[in-house]
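Descriptive analysis of the structure
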Amino acid sequence: MARDSHAALVALNRFGFGARGGASGDLINAASDPRGFVKAELSRPNGVLLEAPGLQSTPQLGQAVFAYQDQVRQAREAAKTAAPAEAPPPQAPADPKSDTKLRRNPSLNAVMTEIAGQMAKTKPADNAAKPDTMQPDAAAPTPTKPAPQPLNVIQKTFRAEALARLQRATLADCGFTERLVVFWSNHFCISASKGELARMWAGAFEREAIRPHVLGRFADMLKAVEQHPAMLFFLDNQQSLGPDSRAGQNRKRGLNENLAREIMELHTLGVSGGYTQEDVTSLARIITGWTFAGRQGQLGVPGSFVFNSNAHQPGPQVLLGKTYQPTGLAQGEAALADIARHPSTANFIATKFVRHFVADDPPPALVARLRDVFVRTDGDLKALATVLVDSDEAWKAPLTKMRSPYDFLVASGRLLARVPEDPGPYLNSLNLLGQPLWSPAGPNGFPDTSAAWAAPEGIKLRLDIASQMGARLGNNIDPLDLLEFAAADAASIETRRTIERAESRQQALALLLMSPEMQRR
């Protein structure tokens, strides 16, 4: 069988995280059967699951947070009692709770400005600057810089979850299923910056609510996501009380529509999906009582999903023209199942799926085919991915989409054959590039168009990181050999000449990492 290097490049870059360096032979393997190479991962559903020593369940992590918060409070109270009256009490470790409203995606300029202003006070947990291949040159530390504080349990957990995800993406054959995980995790995003529980649960949310259903049914993923404590906390559904419920009457509080609104606008139907504000309110009533057990465990195991009937709005509810009888938890589950099968959901998901993998302006015919298979298969996501890979449009469209910062860093690590052992450099670089891990600025996730990542400020920062990697690794690597691993004869003449004319191996490596073959997918 003839080998097609260009199709292999499409297979690895469009659907995966790029070729691995070393002795992987990824490009050669993909060139023999590009579509089969991509689809091979779809036949290994258990390969999507992520289990690693030390990674715990959401309830276990919730209990650890509650215990840690109790320890901090006790230490603060003890210090207040022991310290002189004029001495200020010790402060608890910084909690990245959002003190601003959730925002829709700002411009990259705004994100970079905000991150730049925060870098000096970023927690050592996730963003401590360390000399490593993913870290751009930094200013010399001041002599008065305090010693780093020991990591607390929340910081340790976040780093362990991040490392497991990065290692999986780096080691994957093609990376298609890992790309699917990233897509769905961003579609159903939470933000670790919401607070200590969100940061503790961010990785577990992806492991428990996203990964098991990436090759399953959309309705199952939707239910798992909306009932996960991380999502309930992120969108404040534990604060939502049915106005006529026992808790609502006692506390004189009512609905919080955050989760209901984002379910309809961002998770399923789309902003033009044919629903009204009254539908949002009805869904909010239907899912009152969806919460998680707190530290006292009065409703269940602390940190686990529970249905609190005392907070649930009684009576039937009308949603999208259908009446849902008052069946408690089942009322909400029935509503989600119907929304998952709604024609607007099929169109919204198909459009977003094609935009992510193929083009910023999705080909209408391909969107229509994916919409039809979504409807015909009752939201079978493996079938959706298979039709995408089998489509001619996905292979003929030019590789013009800009890789996101996460894709770029993972692709660079794969090509350099460096399996991460410390997540810090990656996390720090993601912050610098405007895509902090599991921490989008709003509930609509990170942007998925080239324009969002191609701003001059972002490109300059990518160049800084590429130059730092070149300076650290260039002496021991032949960039032309790496170009063969990455693209072989599918590499453009311009890229090859640019690398050949570099003044040093270090510069050549940086130029390779900034080439279209590495930046575009």
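See the structure printed just above.
In short, a report on the structure. (Residues numbered from 1 in each chain as written. Predicted model: local features only at pLDDT ≥ 70, side-chain atom pairs only at ≥ 80, totals over all residues. Heavy atoms only, no water.)

This paragraph deals with the overall build of the protein. A count of helical and extended segments in the protein gives 27 helices and four strands. For the protein, buried positions account for 53% of its 521 residues. Taking the intrachain contacts of the protein between residues at least 6 apart in sequence as the baseline, contacts between residues at least 24 apart amount to 76%. Approximately 22100 Å² of the protein is accessible, and the part contributed by carbon and sulfur atoms is 53%. (Helix = DSSP H or I, 4+ residues; strand = E, 2+ residues; numbered from the N terminus. Buried < 20%, exposed > 50% of the residue type's maximum accessible area, 1.4 Å probe, protein only. Contact = heavy atoms within 4.5 Å. Areas by Shrake-Rupley, 256 points an atom, 1.4 Å probe, with all protein chains shown as cover.)

A few words on the packing of helix α20 (residues 405–415) against helix α21 (residues 424–432). Closest axis-to-axis distance for the α20/α21 pair is 9 Å, and the angle between their directions is 145 degrees. Crossing of α20 over α21 shows right-handed handedness. Facing α20, whose interface residues are Pro405, Tyr406, Leu409, Val410 and Gly413, α21 presents Tyr426, Ser429 and Leu430. The residue inventory of the contact of α20 with α21, partitioned by class, reads six nonpolar, two polar and no charged. (Axes fitted to C-alpha atoms, helices over the stretch in contact; angles between N-to-C directions. Left-handed = near helix turned anticlockwise from the far one by under 90°. Nonpolar A, V, L, I, M, F, W, Y, C, P; charged D, E, K, R; others polar.)

Quick look at helix α18 (residues 381–390) now. Among the residues of α18, those classed as buried are Leu381, Ala383, Leu384, Ala385, Leu388 and Val389. Tucked into the core, α18 has its buried residues touching α3 (34–39), α8 (176–187), α10 (218–226), α16 (343–357), α17 (364–376) and α19 (393–396). N-cap assignment for α18: the residue whose side-chain oxygen lies 3.0 Å from the backbone N of lysine 382 is aspartate 380. (Polar contact = N/O pair within 3.5 Å; in protein donor to acceptor, adjacent residues only side chain to side chain.)

Here the focus is the packing of aromatic side chains. Overall, the coordinates contain 19 aromatic pairs when judged by the stated rule. Measuring from centroid to centroid gives 4.9 Å for phenylalanine 183 and tryptophan 184, while their planes differ by 80 degrees, and the two rings are edge-to-face. Judged on exposure class, the residue phenylalanine 183 and its partner tryptophan 184 are both buried. For the ring pair phenylalanine 183 and phenylalanine 353, a centre distance of 5.3 Å and an interplane angle of 80 degrees mean the geometry is edge-to-face. A residue pair is termed long-range when its members are at least 10 positions apart, and phenylalanine 183 in helix α8 and phenylalanine 353 in helix α16 qualify at 170 residues. Each member of the pair, phenylalanine 183 together with phenylalanine 353, is buried. In this structure an aromatic cluster arises from ring pairing among Phe15, Phe176, Phe183, Trp184, Phe188, Phe218, Phe353, Phe357, Phe374 and Trp395. (Phe/Tyr/Trp six-rings, centres within 6.5 Å; stacked < 30°, edge-to-face > 60°.)

Just distances and angles here, no functional claims.
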